[in-house]
Amino acid sequence: MRIAMIGTGYVGLVSGACFADFGHRVTCVDKDKAKIDGLNEGVMPIWEPGLEALVKANAQRGRLTFTTDLPSAVENAEAVFIAVGTPARRGDGHADLTFVFDAVRELAKVIKPGTVVVTKSTVPVGTGDQIEKILREEGVTDVSVASNPEFLREGAAIADFKHPDRIVVGADDDRAQDVLREIYRPLFLNRAPILITGRRTAELTKYAANAFLAVKISFINEIADLCEAVDADVQDVARGIGLDNRIGPKFLHAGPGYGGSCFPKDTLALLQTAEKAGVDQRIVRTTVAVNDDRKNSMVERVARALGGDVSGKKIAVLGLAFKPNTDDMRDAPSIPIVNALVERGAKVSAFDPVAREQAEKIFTRIEFANSAEEAAADADALVIVTEWDEFRALDLEKIAEILRGKVLVDLRNVYDPAEAGEAGLRYYGVGRGRPAS
Ligand code: UGA
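## Details of the overall build of the chain
Okay, step 1: The helix and strand inventory of the chain stands at 17 helices and 14 strands.
Okay, step 2: Against the globule reference of 22 Å for 437 residues, the chain gives a C-alpha radius of gyration of 23 Å, in line with a compact fold.
Okay, step 3: Taken across its 437 residues, the chain has 54% of its residues classed as buried.
Okay, step 4: When the accessible area of the chain is evaluated, it comes to approximately 19,500 Å², of which 49% is carbon and sulfur surface.
Okay, step 5: Across the chain, the centroid of the 55 positively charged side chains sits 2 Å from that of the 65 negatively charged ones.

## Looking at the sheet that holds strand 13 (residues 407–410)
Okay, step 1: In space, the 6 strands of this open sheet follow the order 11-10-9-12-13-14, with parallel pairing throughout. Strands at the two margins of the open sheet, each flanked by one partner only, are strand 11 (367–368) and strand 14 (426–428).
Okay, step 2: Relative to strand 13, strand 12 (residues 381–384) is paired through 4 bridges, and the arrangement is parallel. By the bridge assignment for strand 13, L382 is matched with L408.
Okay, step 3: Along the sheet, helix 12 (residues 282–305) makes contact with strand 9 (314–318), strand 12, strand 13 and strand 14, crossing strand 13 at roughly 160°.

## A closer look at the environment of L226
Okay, step 1: Here L226 is to be found in helix 9 (residues 199–230).
Okay, step 2: Considering only alpha carbons, one finds L226 and G431, 205 residues apart in sequence, at a separation of 7.4 Å.

## Observations concerning the domain arrangement of the chain
Okay, step 1: Under the domain assignment, the chain is made up of domain 1 (2–197) and domain 2 (242–428).
Okay, step 2: Just the C-alpha atoms count here: the centres of domain 1 and domain 2 sit 33 Å apart.
Okay, step 3: With 17 residues of domain 1 in contact, the opposing surface of domain 2 contributes 17 residues.
Okay, step 4: Buried surface at the junction of domain 1 and domain 2, both sides included, amounts to about 1,200 Å², of which 54% is carbon and sulfur.

## Section: the site of the ligand
Okay, step 1: Neighbouring residues of the ligand: 19 residues in total, closest F151, L152, E154, K206 and N210.
Okay, step 2: K206 is positioned such that a nitrogen or oxygen atom in its side chain is 2.7 Å from an oxygen atom of the ligand.
Okay, step 3: F322 is positioned such that a nitrogen or oxygen atom in its backbone is 3.4 Å from an oxygen atom of the ligand.
Okay, step 4: Considering the ligand on its own, with 710 Å² of exposed area, one finds that the protein chains cover 92% of that surface.
Okay, step 5: Elements represented by at least two residues in the shell around the ligand include exactly helix 9 and helix 11 (263–277).
Okay, step 6: Looking at the shell around the ligand element by element, the count peaks at 3 residues for helix 9.
Okay, step 7: Residues that form the shell around the ligand fall into these classes: 9 nonpolar, 3 polar and 7 charged.

## Quick notes on the packing of helix 12 against helix 13 (residues 334–343)
Okay, step 1: At a minimum axis distance of 8 Å, the contact between helix 12 and helix 13 shows a crossing angle of 50°. By the angle class used here, helix 12 and helix 13 are oblique. The element helix 12 and its partner helix 13 pack so that their crossing is right-handed. When helix 12 is examined against helix 13, the residues K295, N296, M298, V299 and V302 are found in contact with a partner set consisting of P336, I337, A340 and L341.
Okay, step 2: Per-class residue counts for the contact of helix 12 with helix 13 are 7 nonpolar, 1 polar and 1 charged.

## Some remarks on the packing of helix 9 against helix 10 (residues 234–242)
Okay, step 1: Relative to each other, helix 9 and helix 10 sit at 135°, their axes nearing to 9 Å. The pairing of helix 9 with helix 10 is recorded here as oblique in orientation. As for the relative orientation of helix 9 and helix 10, their crossing is right-handed in sense. Every residue of helix 10 that contacts helix 9 at F219, I220, I223, A224 and C227 is listed here: V234, V237, A238 and I241.

## As for a negative patch on the surface
Okay, step 1: Side chains of D395, E397, E401, D416, E419 and E422 sit close together on the surface and give a patch of like negative charge.
Okay, step 2: When contributions to the negative patch are tallied by element, the ones reaching two or more residues are helix 16 (396–402) and helix 17 (417–422).
Okay, step 3: The residue D416 is located in the loop between strand 13 and helix 17 in this model.

## Re the pattern of salt bridges
Okay, step 1: If you walk through the whole model with that rule in mind, you get 30 salt bridges.
Okay, step 2: Linking R301 and D225 is a salt bridge whose minimum nitrogen-to-oxygen distance equals 3.2 Å. Taken together, the positions of R301 in helix 12 and D225 in helix 9 put the pair 76 residues apart, joining distant regions of the chain.
Okay, step 3: With a relative accessible area of 11%, R301 lands in the buried category.
Okay, step 4: Overall, D225 belongs to the partly exposed group, its relative accessible area being 36%.
Okay, step 5: The closest approach of N and O atoms between E367 and K347, which form a salt bridge, is 3.8 Å. In this pair, E367 is assigned in strand 11 and K347 in strand 10 (residues 347–351), connecting sequence segments 20 residues apart.
Okay, step 6: Judged by relative accessible area, E367 falls into the partly exposed class, the value being 39%.
Okay, step 7: Among the residues examined, K347 registers a relative accessible area of 48% and is labelled partly exposed.

## A closer look at unusual backbone geometry
Okay, step 1: Backbone geometry at D231 places phi at a positive 60°, although glycine is not the residue there.
Okay, step 2: Here D231 lies in the loop between helix 9 and helix 10.
Okay, step 3: Located in the positive-phi region is N413, a residue other than glycine, with phi close to 50°.
Okay, step 4: Secondary-structure assignment places N413 in the loop between strand 13 and helix 17.

## Here we look at the pairing of strand 8 (residues 194–197)
Okay, step 1: Two strands pair when backbone bridges link them, and strand 7 (residues 167–170) and strand 8 are joined in this way by 4 bridges, in the parallel orientation. Bridging across to strand 8, I167 finds its partner in I194.
Okay, step 2: Following the backbone out of strand 7, through helix 8 (residues 174–189) and into the adjacent parallel strand 8, one traces a crossover that is right-handed.

Cut-offs and rules
Residue positions are given per chain, counting from 1 as you read along its sequence in written order. Under the rules for a predicted model, residues below a pLDDT of 70 receive no local features and side-chain atom pairs below 80 are neither given nor counted, while totals for whole chains, interfaces and linings still include all residues. Water and hydrogen atoms were dropped before computing side-chain values, which therefore reflect all heavy atoms in the structure. In this text, helices come from DSSP runs of H or I with a minimum length of four residues, and strands from runs of E with a minimum of two, each type numbered from the N-terminal end. Every radius of gyration here is taken over C-alpha atoms, with the globule rule written as 2.2 Å times N^0.38, N being the number of residues. A 1.4 Å probe rolled over the protein chains alone gives each residue an accessible area, and that area as a share of the maximum for its type sets the label: buried under 20%, exposed over 50%, partly exposed in between. Method for areas: the Shrake-Rupley scheme with a 1.4 Å probe, in which residue coverage is limited to the protein chains shown. When charges are counted, Lys and Arg contribute as positive and Asp and Glu as negative, whereas His and the chain ends are disregarded. All charge positions are set by atom: Lys at NZ, Arg at CZ, Asp at CG, Glu at CD. In this scheme, strands are said to pair when DSSP sees at least two bridges between them. We call two residues in contact when some of their heavy atoms are within 4.5 Å. Axis geometry follows a simple rule: fit a line to the C-alpha atoms, using only the stretch in contact for helices, then measure angles between N-to-C directions, giving values from 0 to 180 degrees. Here the limits of each domain have been adopted from an automatic or database domain assignment. Buried area: the accessible surface (1.4 Å probe) lost by two parts on joining, summed over both. The nearness test applies per residue and asks whether one of its heavy atoms lies within 4 Å of the molecule or strand. N or O atoms closer than or at 3.5 Å make up a polar contact, with two conditions inside protein: a donor-capable atom paired with an acceptor-capable one, and, for residues adjacent in sequence, both atoms drawn from side chains. Each residue is assigned to one class: nonpolar for Ala, Val, Leu, Ile, Met, Phe, Trp, Tyr, Cys and Pro, charged for Asp, Glu, Lys and Arg, and polar for all the others, Gly among them. Should an angle fall under 35 degrees it is called roughly parallel, over 145 degrees roughly antiparallel, and 65 to 115 degrees roughly perpendicular, with every other angle called oblique. By definition, any crossing whose near helix is turned counterclockwise from its far helix by less than a right angle is left-handed, and any crossing with a clockwise turn is right-handed. Put simply, a patch holds well-exposed residues, over 30% relative accessible area, that have no salt bridge, with like charges counted together within 9 Å and Val, Leu, Ile, Met, Phe, Trp or Tyr side chains within 5 Å. Basic side-chain nitrogens of Lys or Arg form a salt bridge, by our definition, when they fall within 4 Å of a carboxyl oxygen of Asp or Glu. If you view a crossover with the strands going away from you and the path from the first strand over the helix to the second runs clockwise, you call it right-handed.

Here it is, written out as structure tokens:
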């Protein structure tokens with residue numbers, strides 16, 4: 001199958017590379033010339049485990065090419081995927097579809113009858129209808145429009161793409177269904193279930209999935225607060241409820257609140273869709289508020305652990321990316337935490353294994369260390385913000401030696417409180433019983 005992938009962000013690049021790996025001929029298009037030049041030279045615009053090798057292998061076999069020339073890519077394609085960004089519009093949280101519609105207008109000039117246009121970007125309900133309308137206005141007929149939302153996670157993107165829990169295809173006609181079945185055929189061998197739905201249903205399914213996961217996280221975060229008040233352990237509560245198959249163990253890790261490029265944006269966009277439809281979504285609305293408050297209040301935990309005041313203190317921060325295995329800083333919980341620490345007069349020394357370059361654009365008033373130990377040296381407290389694997393195996397006794405203040409604030413519950421105590425640290429986790437005063 002010949003595929004054009006418009007947009008080489010996270011979703012576009014990973015999907016394009018994986019489709020090529022399935023044996024399809026994929027052309028990835030982006031307006032950003034520097035990005036395309038880099039990709040043609042094997043330079044990845046994002047840090048994602050396994051991506052570079054996958055891109056290089058498929059480019060070498062001639063199945064994966066990169067261009068800024070949209071018409072040439074679309075002209076020869078049997079399926080055109082739209083994977084451009086749909087950022088939240090400033091102020092109101094609406095998904096901004098400018099990039100999507102611009103791409104549609106451009107592809108309309110060259111697309112051949114019989115082609116299937118597929119949205120892979122997360123787009124609000126009804127976007128497929130709007131795309132059809134634009135195509136009609138541009139004089140294009142006999143083109144199918146389908147929705148195929150992507151559920152991959154950053155940091156595990158390739159594995160998620162190749163071993164999905166399900167593939168959702170929203171297609172109202174047979175041709176679109178057939179083309180998408182053919183594209184995903186290699187995954188059926190892995191027994192990945194494909195769910196064929198109406199186009200609007202598929203569009204909504206993506207938002208509902210992300211919103212539900214966000215609800216799960218905020219739920220366990222509030223339970224963690226309750227655990228601290230009543231001296232219970234949220235790790236055990238999460239395990240105790242997660243072993244119930246109806247609940248499931250995933251996305252029940254209490255922490256500093258969810259971040260990233262998806263949950264914050266998609267929950268807001270879902271609320272906008274609901275408002276437009278005149279249907280209140282109280283649970284999602286509350287989830288958004290709970291998460292915003294949580295991220296902003298994390299600095300209080302650090303302050304409490306230091307006796308109420310962080311001014312003049314040196315704080316070591318481990319992990320800045322919104323989650324491990326990515327250099328993505330979008331809506332990262334580290335941002336409000338570090339900014340508030342600096343505002344309150346603390347001196348911050350931070351270490352992240354890969355996000356430093358991105359973080360340097362955001363934090364201008366902090367020091368960047370080259371290792372966890374370097375950050376911790378002479379600090380009053382060590383705060384774990386992102387649970388990179390390398391922070392799971394710190395030599396706690398050594399940390400206790402070099403940390404002046406002997407305070408470990410573990411916002412990801414990486415360590416066992418007793419073990420940290422034995423190493424000589426005062427441990428403050430999230431929801432791990434009544435915090436020491
Ligand atoms: C999320 C979804 O998990 C993907 O299925 C979806 O495709 C993607 O959004 C998207 O819409 O493109 P992602 O944002 O990459 O993926 O990252 P997640 O692993 O879902 O984590 C999101 C945030 O939730 C992170 O800040 C993470 O630390 C937090 N989280 C996650 C928790 O605080 N607790 C948990 O138990 C799980």
